[in-house]
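Notes for the structure review
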Amino acid sequence: MFLKVQLNWNVVISAENLDIKGLMLQKAILVRVLDDFSAKKATKDLGYLLAVTSLDKIGEGKVREHTGDVLFPVNFTCLSFKVFRGEVIEGVVHKILKHGVFLRCGPIENLYLSNQKMNDYQYQIAENPCFLNVKTGSRIEKDVTLRCVVIGVKYMEAQKEFQAVVGLEGHYLGPV
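First things first, this report covers the structure right here in the doc. (Residues numbered from 1 in each chain as written. Predicted model: local features only at pLDDT ≥ 70, side-chain atom pairs only at ≥ 80, totals over all residues. Heavy atoms only, no water.)

**Quick word on the state of the cysteines**
By the definition in use, this model includes zero disulfides. Just so you know, Cys-78 is unpaired, no disulfide at all, and the nearest cysteine sulfur is the one on Cys-105, 18 Å from it. Of all cysteine sulfurs, the one in Cys-105 lies closest to Cys-148, which takes part in no disulfide; the gap is 7.6 Å. The exposure class of Cys-148 is buried, given its relative accessible area of 0%. (Disulfide = S-S within 2.5 Å. Buried < 20%, exposed > 50% of the residue type's maximum accessible area, 1.4 Å probe, protein only.)

**Looking at a nonpolar patch on the surface**
Judged by side-chain polarity, Phe-2, Leu-50 and Leu-79 come together as a nonpolar surface patch covering roughly 270 Å² of accessible area. With respect to the element layout, Leu-79 can be found in strand S5 (residues 70–81). (Patch = residues over 30% accessible without salt bridge, like charges linked within 9 Å, V, L, I, M, F, W, Y side chains within 5 Å. Areas by Shrake-Rupley, 256 points an atom, 1.4 Å probe, with all protein chains shown as cover. Salt bridge = Lys/Arg side-chain N within 4 Å of Asp/Glu carboxyl O. Helix = DSSP H or I, 4+ residues; strand = E, 2+ residues; numbered from the N terminus.)

**What about unusual backbone geometry?**
Residue Asp-143 is not a glycine yet carries a positive backbone phi of 70 degrees. Overall, Asp-143 belongs to the exposed group, its relative accessible area being 59%. A positive phi angle, near 65 degrees, is found at Tyr-172, a position not held by glycine. With a relative accessible area of 75%, Tyr-172 lands in the exposed category.

As structure tokens, then:
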């Protein structure tokens, strides 16, 4: 779920932001790292990039010939979020359809639970549609938290987001 990752990026600082005082330069590098980090959103290997936890090392800058900008190699540690096949997660139902429900878990907006993967639950047409377990009386409806297992994960490169298929087949899975 949560991963602590060490990254090595190159940061370009424009000539206008260069200052003989090292503190202002360090601030400009940190601001640039945070800007680049927030624009990245997610990667296939690391998942959703959540937060920079520490700026570990700033390497020696190299001046670019034509622009005068300076390229700094930067090492930093960050926190990321990625779901894996077989992992048990908790998500909140945000959309109910006749053929299944959509859940949210952290930054992942598209977790799909098919009605074929929730045995013993039947779709109920009402003012507030839901899936009802006749044996236990438990309900899957909007804003209910579900514990489920990840069956498959797909990374959408264009949107820079993940989609996952989940199921309720296993012990202690279902509404929390």
